[in-house]
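# Fold and contact review
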Amino acid sequence: MTTLPTTGIHLLEPREGHAPVPVQWGAPWPRGTVHELPELDLREGERRRPVDSWVTARWPDGSVKWSGHGGLAPAGDGELVERGSAPGQVAPLRIGTGADGAVTVDAGSLLLEVSPHPAAPIRRIVVDGREVGLRGRIVASSATGADPAAPRREHTVRTTGVRIERHGGQQAVLRLEGHHEVADGGGDAVGDEGQRERVLPFVLRLVVTAGSPRIRVLHSIVWDADPERLFLTSLGLRLEVPLRAAPHDRHVRLAGGEGGFLTEAVQGVTGLRRDPGAEVRAAQITGRQTPETSTWAPTVSGRLGWVPCWDAWTLRQPTADGYTVAKRTAPDRPWITAGAGTRSRGYAYVGDVHGGIGAGLRDFWKLIPTQLDVAGARGDTAELTVWMYAPTAEPMDLRFYHDGLGQETVADQLDALEITYEDYEPGFGDARGIARTHELVVDAFPATPTGEELSSLAAACALPPQPMVAPERLHAARVFGLWAPVDRSTPQRAHLEDRLVLLREHYRAQVEQRRWYGFWDYGDVMHTYDVDRHTWRYDVGGYAWDNSELSPDLWLWQDFLRSGDAGAFRLAEAMTRHTGEVDQYHVGRFAGLGTRHNVQHFGCSAKQLRVSSALYRRHLHLLTADERTGELLDEVAASEEALLRVDATRKVREDVYAPDRRALAIGLGTDLGALLGAWLSAWERHGDAEAEQKLRSALAGIGELPQGLFTGEALWDLDERRFDTSRDRVRVSHLAAVFGLVEVVAELLELVDDPGFARAWDEYCRYYLATPEEQTERFGAPLTGISLIPAYSRLLAMHAARTGDRALAARAWRAFLMGEGDQVNTDSMVGRADWSITRVEGPSVLEPVDEAAFLGTNGAAQYGLSAIANLALIGDDLPAQIPYLAGAEGTS
């Protein structure tokens, strides 16, 4: 029997309450230690609970590299151990399929039945043998214009397939897919089949876990509609809830922002002029069944008919800073204000003393505009809708933000690039093909829950518990390349660690202060700062949304790996959810490519592999075993095919080139890093033989090129899956190694034994920052195009660490700490002694903000990645005196 390495887990953040909610996480295993996963339990103290375990990645020798695990959320620290002979505390779930294609999952007290019904796939939800949820479905509407007064048409949302994506004894994932059908004109969508347009494909994942009343829901939608003709006006998840009790025993709960709830009954008996009795009032407020009306004070029981019954409630979160609550007695009656607040947790309940449904949306106030609605509470069946796009908001407008400004020719477009940094081209600033994923929950109750129970569940909706493996365990498994756990053992190390924390925390604060929230925006950060306006350049061409430029995603993930910091994880998680969905095309002519930075996430005409890179998604998938992120990785497994459709360098080429299947231009930097990451992911996750062959062939081909990686670009044969190794030239791009190439190669050098490639890589590391004399000796002339010196210091550090050359290690640190030359450049970010944050208030800013005018996202991301790599590689060679601190009074 295999002896498992100790694999402890902890929760990223302390839990609020102990509601039995589902979780998933990943665990790494050192190479060669585990060849097949045994059945595992999660042990917390003396308690053991079974978990599902599955392999998510393997090492080249076939041993397990990463595993995924699913079960009930622990209370705190735990440890994965082999399953004992004693029966588990949680009964395994059972799955059945019906003749009509329906799938039933029995998780103990909860039973979910899903069918391939075209309109309402969640057929029913049963708890303790009682039906509490029916006809769950996606609902949506749109208009044909951006005018808020434009007529709206309801979508027919059809489910076309249901399958079991994953299941074990403790957890099952059902994958539903479908599309929206929309009337071509401005009328009702219900009409002749031939007059409908099929748009907005979606995937709905339902995760059911043994012992939990919670269904975790992931909704992923792809925008493939014409932005000039379809303006989304609502998108939500709706469930019907049977109501059996009298109106005064029916309850509605809407979450506020601090753990509280609006606590209401359909027919309230508190606050009346006459008192029904303390026991009656207490029962209604706590959600328990009230005593028989015959026992009430007759001054109330005889007059209940005069007390209004409320039919609907709405909680609307139009901005990140405020929500309102209102209710009404009937659709033809006015809304009555019921309260307001800042940031709702985004959770609602409707039901009665015989059962009900709670539902919510994670990041509710961050993904604005959002909304919660309860309707029909006076009748036999209520409706609970969680709106991912609120029907009370203005129509969603995804048209390009300007008219082109007359940029019809390439010359005009390149000239405009010189002033706004925006790479515009007609027809390329197109939203068709981008996507968005939302995480929701649905909870089933046998009776109206207590306030404490609801608060715990709402908290776990707003911030799901996330088990995680500690940095030391991750590092011992040798995963994810160049990093080492945080080490503050010397003043110099501590100084750099302080700077890394400052960078991360500044961006976390900027997300909040600058309100980088919204349906499409949340998760991204801005590219460049405008010192004069004290704001980020949100409206200036290519300086606005960052879209993964120079790898902030990768920096944040590497920062999390080494620190274990929960804030770092949540920042990286939100960014990956965004960049993997919104900044990448999933269907259409740009499928497999991402979009360079712009005022709109899809706006730039540069569609490139460097943005859709698997290297920015792998961490989230392997650390959490998330199925949707795995799906995104699969989408780019053969992304080289996308380069046949779009040549990213078409506007600046000096040679004659058209994409050719047998001679496809691959940039040996930004393209190569993305492709190596995609192929590595497919190989380690699926044992994909073609991906492995492409990866090995690419590395071998680079090793055979006369100038190796300094060739700059090589021609790839898509059918033979190899490089043309005859090209002999020297080209250098300053962007080549700042989009994940360094990090993925660091992994590949340990996975693939290819002396030719290892030699070519070592040469690249040695000569990029070599002296002009050394470059001339090797290439016949000094290299041109060399820049981003601090970022490329980690290449020299790799060479120094391999050779043990301490003089080169010292040169690498000088390059990182000082930039170019032998003098400290105090104008640069790296050479500044003072990294203090300035508070800006008064008439020059909309709201008070904290400003670090010396920071930009390019520099921050590459500083972070280089510091992390250099500390891991040559940390013992840090100079005794950091140059820019000599004589400095203040530091970070």
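Residues numbered from 1 in each chain as written. Predicted model: local features only at pLDDT ≥ 70, side-chain atom pairs only at ≥ 80, totals over all residues. Heavy atoms only, no water.

### A word on the layout of surface pockets
- By volume, the second largest pocket amounts to about 970 Å³.
- As for the second largest pocket, its lining consists of 42 residues, of which Asp 363, Lys 366, Ala 462, Leu 463 and Tyr 522 are closest to the centre.
- Listed by contribution, the elements that provide at least two residues to the lining of the second largest pocket are strand E27 (435–445), helix H4 (451–462), helix H6 (491–513) and helix H8 (566–581).
- Per-element accounting of the lining of the second largest pocket gives the leading share, eight residues, to H8.
- Looking at the lining of the second largest pocket, its residues break down into 18 nonpolar, eight polar and 16 charged. (1 Å grid on protein atoms, 1.4 Å probe; cavity = no way out; pocket = protein on both sides within 12 Å on 5 of 7 lines; lining within 4 Å. Points joined across faces, edges and corners; volume = space filled by probe spheres on them. Helix = DSSP H or I, 4+ residues; strand = E, 2+ residues; numbered from the N terminus. Nonpolar A, V, L, I, M, F, W, Y, C, P; charged D, E, K, R; others polar.)

### A look at the pattern of salt bridges
- All told, the structure shown has 89 salt bridges when counted by the stated rule.
- Here Arg 493 makes a salt bridge to Asp 876, at a shortest N to O gap of 3.3 Å. With a gap of 383 residues between them, Arg 493 in helix H6 and Asp 876 in the segment after helix H18 (857–874) connect regions that are remote in the sequence.
- When the shortest N-O distance is used, the salt bridge between Arg 570 and Glu 573 registers 3.1 Å. You can see Arg 570 and its partner Glu 573 sitting in helix H8, three residues apart, about one turn around the helix. With respect to burial, Arg 570 and Glu 573 carry one shared label: buried.
- Taken together, the shared-partner salt bridges connect Glu 13, Arg 216, Arg 362, Asp 363, Lys 366, Glu 439, Arg 570, Glu 573, Arg 577 and Asp 626 into one network. (Salt bridge = Lys/Arg side-chain N within 4 Å of Asp/Glu carboxyl O. Buried < 20%, exposed > 50% of the residue type's maximum accessible area, 1.4 Å probe, protein only.)

### A few points about the side chain of Arg 196
- Here Arg 196 shows up in strand E15 (residues 196–209).
- A relative accessible area of 15% means that Arg 196 is categorised as buried.
- Polar contacts involving the side chain of Arg 196 include one to the side chain of Glu 181, which spans 3.2 Å. (Polar contact = N/O pair within 3.5 Å; in protein donor to acceptor, adjacent residues only side chain to side chain.)

### Re the packing of helix H11 (residues 670–686) against helix H12 (residues 689–704)
- Put simply, H11 and H12 touch, their axes get as near as 8 Å, and they point 145 degrees apart. Taken as a pair, H11 and H12 cross one another with a handedness that is left-handed. For the pair formed by H11 and H12, the contact residues are Leu 672, Leu 676, Trp 679, Leu 680, Ala 682 and Trp 683 on the first element and Ala 691, Glu 692, Lys 694, Leu 695, Arg 696, Ala 698, Leu 699 and Ile 702 on the second.
- Of the residues belonging to the contact of H11 with H12, the class tally is eleven nonpolar, no polar and three charged. (Axes fitted to C-alpha atoms, helices over the stretch in contact; angles between N-to-C directions. Left-handed = near helix turned anticlockwise from the far one by under 90°. Contact = heavy atoms within 4.5 Å.)

### Some points on empty space enclosed by the protein
- Counted by the stated rule, this structure contains five cavities of 30 Å³ or more.
- Empty space within the largest cavity amounts to approximately 320 Å³.
- Put simply, the parts of the chain that give the lining of the largest cavity at least two residues each are strand E2 (22–28), strand E16 (214–222), E27, H4, H8 and helix H9 (618–624).
- The residue makeup of the lining of the largest cavity, split by class, is eleven nonpolar, four polar and eight charged.
- Taken as a whole, the second largest cavity holds about 50 Å³ of empty space.
- Around the second largest cavity, the lining residues are Phe 480, Leu 554, Gln 558, Leu 615, Arg 618, His 619, Gly 740, Glu 743 and Glu 747.
- Among the secondary structure elements, those contributing two or more residues to the lining of the second largest cavity are helix H7 (552–563), H9 and helix H13 (741–751).
- Here the lining of the second largest cavity is composed, by residue class, of three nonpolar, three polar and three charged.

### Here's the deal with the sheet that holds strand E33 (residues 664–667)
- Pairing within the open sheet is antiparallel, and its three strands lie in the order E33-E34-E35. At either end of the open sheet lies a strand with only one pairing partner, and these are E33 and strand E35 (722–723).
- Two elements, E33 and strand E34 (residues 713–717), share four bridges in a ladder whose sense is antiparallel. Its bridge partner being in E34, Ile 666 is matched across the sheet by Ala 714.
- Sheet contacts for H11: E33 and E34; angle to E33, the most-contacted strand, approximately 95 degrees. (Pairing = 2+ DSSP bridges.)

### What to know about the packing of aromatic side chains
- Counted by the stated rule, this structure contains 31 aromatic pairs.
- For the pair Tyr 767 and Phe 779, a centre-to-centre distance of 5.8 Å together with 80 degrees between the ring planes defines the contact as edge-to-face. With Tyr 767 in helix H14 (residues 755–768) and Phe 779 in helix H15 (residues 772–779), this residue pair connects regions lying twelve residues apart in the sequence.
- The rings of Phe 710, Trp 761, Tyr 764, Tyr 767, Tyr 768, Phe 779 and Tyr 792 are connected pair by pair, giving a single aromatic cluster.
- Over the ring of Trp 54 we find Arg 166; its NZ or CZ atom is 3.8 Å from the centre of that ring.
- The ring of Phe 590 carries the charged tip of Lys 607 above its face, separated from the ring centre by 5.3 Å. (Phe/Tyr/Trp six-rings, centres within 6.5 Å; stacked < 30°, edge-to-face > 60°. Lys NZ or Arg CZ within 6 Å of the ring centre and 35° of its normal.)

So, to be careful, I would describe these as geometric facts and stop short of saying anything about function.
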